Amino acid sequence: MKLFSDIWEFLKTLNFVDIVFFFAVLVLMILIVTLIYFIKINNDEDSKSVKEETAEMKIVKEIQENIGKEEPTIKFTEYEKDQEDKAIISYDELLNKKSNYSLNYEKEEMQDDLSIKKVDLDNIMSNQAATTPKVDVRVISFAKEEAFLQALKQLQKELG
């Protein structure tokens with residue numbers, strides 16, 4: 001019993017800062033022990049998971065081994081091969097493959113406000129890619145655009 005009374009006397013002599021420091025060190029030691037325990041548990045689980053190969057891992061491994069060995073088992077018909085070759089995959093391909101054809105006309109007449117065109121049946125379509133003139137796009141300067149915007153704002157104020 002003298003041990004408990006000595007401990008009690010020792011604790012009475014400590015001031016508040018000493019008690020806070022003592023409990024802080026005690027909590028820190030508990031946290032360190034807990035951290036070491038969790039690290040040990042995780043290492044054990046990692047070693048077990050590396051040793052045990054699941055069914056999914058076996059399937060993935062078989063697929064990876066067999067990818068390069070076999071030819072594809074899909075048999076395409078001629079129609080499907082043709083469709084695959086003509087398939088448009090990207091926007092650039094779409095622009096490159098777009099039809100640049102137009103109808104050929106034998107003669108064109110204007111009657112009142114109506115345009116009448118006679119189609120050349122011997123040569124219906126023509127490739128327009130070579131005959132299409134390139135249009136130059138003009139861009140106005142930033143200063144002119146700002147001035148135009150200011151004029152529009154002023155007009156809106158005057159109207160509203």
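In short, a report on the structure. Only a predicted model underlies this, so the values are computations on that prediction, with no experimental measurement involved.

On to the overall build of the protein chain, then. A tally of regular secondary structure across the protein chain gives 6 helices and 4 strands. Overall, the protein chain shows an N-to-C arrangement of helices and strands of α-α-α-α-α-β-β-β-β-α. Across the 160 residues that make up the protein chain, the buried fraction comes to 1%. For the protein chain, the share of sequence-separated contacts (at least 6 apart) that also reach a separation of at least 24 residues comes to 23%. For the protein chain, the exposed surface amounts to about 16100 Å²; the carbon and sulfur share of it is 61%.

With that out of the way, let us pick up a nonpolar patch on the surface. Residues Ile19, Phe21, Phe22, Phe23, Val25, Leu26, Met29 and Ile30 make up a contiguous nonpolar surface patch of roughly 760 Å² in combined accessible area. Positionally, phenylalanine 22 belongs in helix 2 (residues 16-51). What makes phenylalanine 22 partly exposed here is its relative accessible area of 47%.

With the rule as written, the count across this model stands at 4 salt bridges. Residue aspartate 6 is joined to lysine 2 by a salt bridge in which the shortest nitrogen-to-oxygen separation is 4.0 Å. Note that aspartate 6 and lysine 2 are positioned in helix 1 (residues 2-13) at a spacing of 4 residues, about one turn of the helix. Judged by its relative accessible area of 61%, lysine 2 falls in the exposed class.

What follows concerns the packing of aromatic side chains. The description of an aromatic ring pair uses the distance of the two centres, along with the angle that the planes make with each other. Summed over the entire model, instances satisfying the criterion amount to 2 aromatic pairs. Summarising the aromatic geometry, the rings of phenylalanine 22 and phenylalanine 23 are spaced 5.4 Å apart at their centres and angled 70° between planes, so their arrangement reads as edge-to-face. Taking 6.0 Å as the distance between ring centres and 55° as the angle between the ring planes, the aromatic pair formed by tyrosine 37 and phenylalanine 38 counts as tilted. In this structure phenylalanine 38 comes out as partly exposed when scored by relative accessible area, which is 48%.

Positive phi, normally seen in glycine, also occurs at aspartate 112, with a value near 55°. For aspartate 112, the position within the fold is in the loop between strand 2 (105-111) and strand 3 (114-119).

For the rest of this paragraph, the subject is the pairing of strand 3. When a strand is regular, its side chains alternate between the sheet's two faces. For strand 2 and strand 3, the ladder comprises 6 bridges, and the chain directions are antiparallel. Each residue of the ladder has a partner; that of glutamate 109, found in strand 3, is isoleucine 116. Counted along the chain from strand 2 to the antiparallel partner strand 3, the turn is 2 residues long, and its residue aspartate 112 has a positive phi close to 55°.

Relative to the helices and strands, aspartate 120 resides in the loop between strand 3 and strand 4 (125-127). Although aspartate 120 is buried, it forms no salt bridge, and the closest oppositely charged side chain is lysine 118 at an N-O distance of 8.3 Å.

Reading the values: rules and limits
- Residues numbered from 1 in each chain as written.
- Predicted model: local features only at pLDDT ≥ 70, side-chain atom pairs only at ≥ 80, totals over all residues.
- Heavy atoms only, no water.
- Helix = DSSP H or I, 4+ residues; strand = E, 2+ residues; numbered from the N terminus.
- Buried < 20%, exposed > 50% of the residue type's maximum accessible area, 1.4 Å probe, protein only.
- Contact = heavy atoms within 4.5 Å.
- Areas by Shrake-Rupley, 256 points an atom, 1.4 Å probe, with all protein chains shown as cover.
- Patch = residues over 30% accessible without salt bridge, like charges linked within 9 Å, V, L, I, M, F, W, Y side chains within 5 Å.
- Salt bridge = Lys/Arg side-chain N within 4 Å of Asp/Glu carboxyl O.
- Phe/Tyr/Trp six-rings, centres within 6.5 Å; stacked < 30°, edge-to-face > 60°.
- Pairing = 2+ DSSP bridges.
- Lys, Arg positive; Asp, Glu negative; His and termini not counted.

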